[in-house]
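# Descriptive structure summary
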Amino acid sequence: MSSTSEVFAALAPYGWDQAWADQFTPHAAEGLLPGRVVRVDRGQCDVITAGGVLRADTAFVTPHDPLRVVCTGDWVAVEPGGNPRYVRSYLPRRTAFVRSTSSKRSEGQILAANVDHAVVAVSLAVELDLGRVERFLALAWESGAQPVVVLSKADLVPDPETLAHLVRDVETAAPGVPVLTVSALRGEGLDTLVALVGAGTSVLLGQSGAGKSTLANALLGEDVMDVRAARDVDGKGRHTTTTRNLLALPGGGVLIDTPGLRGVGLWDAETGVGQVFAEIEELAQECRFHDCAHDSEPGCAVTAAVETGRLPVRRLESYRKLVRENQWIVAKTDARARAELRRDWKRKGAEGRAAMQAKRGHLR
Ligand code: GDP
Ligand code: ZN
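What this report covers is the structure whose coordinates are included nearby. As the structure is a prediction and not an experimental result, all values here were calculated from the model.

### Regarding the coordination of the zinc ion (ligand 2)
Looking at the metal site, the zinc ion (ligand 2) is ligated by Cys287 (SG), Cys292 (SG), His294 (ND1) and Cys300 (SG), spaced 2.1 to 2.4 Å from it. Coordination at the zinc ion (ligand 2) comes from four donor atoms whose angles at the metal span 103 to 116°, giving a geometry best classed as tetrahedral.

This is the structure in structure tokens:
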């Protein structure tokens, strides 16, 4: 059995730190081994431990709640032996990426755990879609990770003034988020990204074609596929070839890259949306009504800011869209929320009809 310091040295490149070690103490007392999940597949997972990658069964940690299923990025307590060898427990997650086709409470699916940085890749090869950037940022904030925007393929915007302009546009859509420009082709801006992801665990988000694979290769400094197919020794001393979705970066830090995370769809990201639109939520504090919809309410500080030009109307529209979308996702399975929404829509419909009738009456 390895000593605590050996475990520390072996697992630190995968994100192990003193806080994890402290939390692991009771499991260590039971003789269990700490490790991080690098892949999950049909009831089995691959766990990197101080002694190499082990295959373990997740039957003990597969409760009915799909959000409590072990996933890539989890720190687990595995049995030192056994056939099968079992994952006995996992440490409380610091952050979690959850896909929810529905409400978080019912049918969410956990995609990655303990992610510190969510790198949102945005291609400069195509026209900027700030609404899409905001959506990815909402997902990122919602997970608990700190988002970072990487404007990729910067070599395609040779004019520095144009580039600065694009960066400023993205910055207005991303309060509290660092915005970097990177050209993987020319190797420009990569050092800043390497430094940023150098501590903690990162994921790459973004549309297909945004340059995520290229960035991953640049960060890894070699072909991802080769690294992925690393040959590991399993518990019985056999060499096995595994696909890893979690990789230690040569410049420090860890990269999680799972197929599920890449193709993000609809998520339940209420808090996340609030953080993306922090300045709107701040303005909303000044609205006369607590439940102001920033529509046509009197004393609305948000619409007032749009009128004075302080808040771009595009931001408000994008905010409304994401809030609505999020309500819809939650409402899809949450019956109570659905009933509330319906009541709300009915009220709005009635108000709309009343307003229309008043208008007609007025015109008559
Ligand atoms: P992914 O779908 O997000 O993984 O995107 P890829 O990494 O596969 O990149 C999509 C395309 O963009 C590929 O054809 C890359 O060669 C190209 N690309 C990626 N990075 C750069 C860059 O820095 N400059 C240029 N000009 N093209 C790039
Ligand atoms: Zn308002």
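### Let's talk about the site of ligand 1
Contacts to ligand 1 come from 15 residues, most closely from Asp155, Gly209, Lys212, Ser213 and Thr214. Within the backbone of Gly211, one N or O atom sits 3.0 Å away from an oxygen atom of ligand 1. Here an oxygen atom of ligand 1 sits 2.8 Å away from a polar atom, N or O, in the main chain of Lys212. Contact with the protein chains removes 68% of the 580 Å² of surface that ligand 1 exposes when unbound. Residue contributions to the shell around ligand 1 peak at three residues, all from helix α7 (residues 212-220). When its residues are assigned to classes, the shell around ligand 1 shows four nonpolar, seven polar and four charged.

### A look at the packing of aromatic side chains
Per the counting criterion, the structure on display carries five aromatic pairs. The interplanar angle of 65° and the centroid separation of 5.2 Å between the aromatic rings of Phe277 and Tyr319 together place this pair among those described as edge-to-face. Of this pair, Phe277 sits in the loop between α10 (270-276) and α11 (278-284) while Tyr319 is found in helix α13 (residues 313-333), placing the two residues 42 residues apart along the sequence. Classification of Phe277 as buried rests on a relative accessible area of 0%. Taking the relative accessible area as the measure of exposure, Tyr319 reaches 11% and is therefore buried. Clustering of aromatic rings is evident, with ring pairs tying together Trp16, Trp20, Phe24 and Trp75. Sitting above the plane of the Phe60 ring, Arg88 keeps its charged end 4.4 Å from the centroid.

### A word on unusual backbone geometry
What is expected of a backbone is that most residues other than glycine have negative phi and most peptide bonds are trans. In this model, Asn83 is joined to Pro84 through a cis peptide bond whose omega is 0°. Residue position: Pro84 is located in the loop between β4 (75-78) and β5 (87-90). The phi dihedral of Arg42 is positive, around 40°, even though this residue is not glycine. Positionally, Arg42 belongs in the loop between β1 (33-41) and β2 (44-49). Even without a glycine there, the phi angle at Lys153 is positive, about 60°. One can find Lys153 in the loop between β9 (146-152) and α5 (160-172). By relative accessible area, which is 27% here, Lys153 ends up partly exposed.

Cut-offs and rules
Residues numbered from 1 in each chain as written. Chains lettered and ligands numbered in written order. Predicted model: local features only at pLDDT ≥ 70, side-chain atom pairs only at ≥ 80, totals over all residues. Heavy atoms only, no water. Donors = N, O, S within 2.8 Å, 3.2 Å for Na, K, Ca; no water. Tetrahedral: all angles 85-135°; square planar, octahedral: opposite > 155°, others 65-115°. Near = heavy atom within 4 Å. Polar contact = N/O pair within 3.5 Å; in protein donor to acceptor, adjacent residues only side chain to side chain. Areas by Shrake-Rupley, 256 points an atom, 1.4 Å probe, with all protein chains shown as cover. Helix = DSSP H or I, 4+ residues; strand = E, 2+ residues; numbered from the N terminus. Nonpolar A, V, L, I, M, F, W, Y, C, P; charged D, E, K, R; others polar. Phe/Tyr/Trp six-rings, centres within 6.5 Å; stacked < 30°, edge-to-face > 60°. Buried < 20%, exposed > 50% of the residue type's maximum accessible area, 1.4 Å probe, protein only. Lys NZ or Arg CZ within 6 Å of the ring centre and 35° of its normal.

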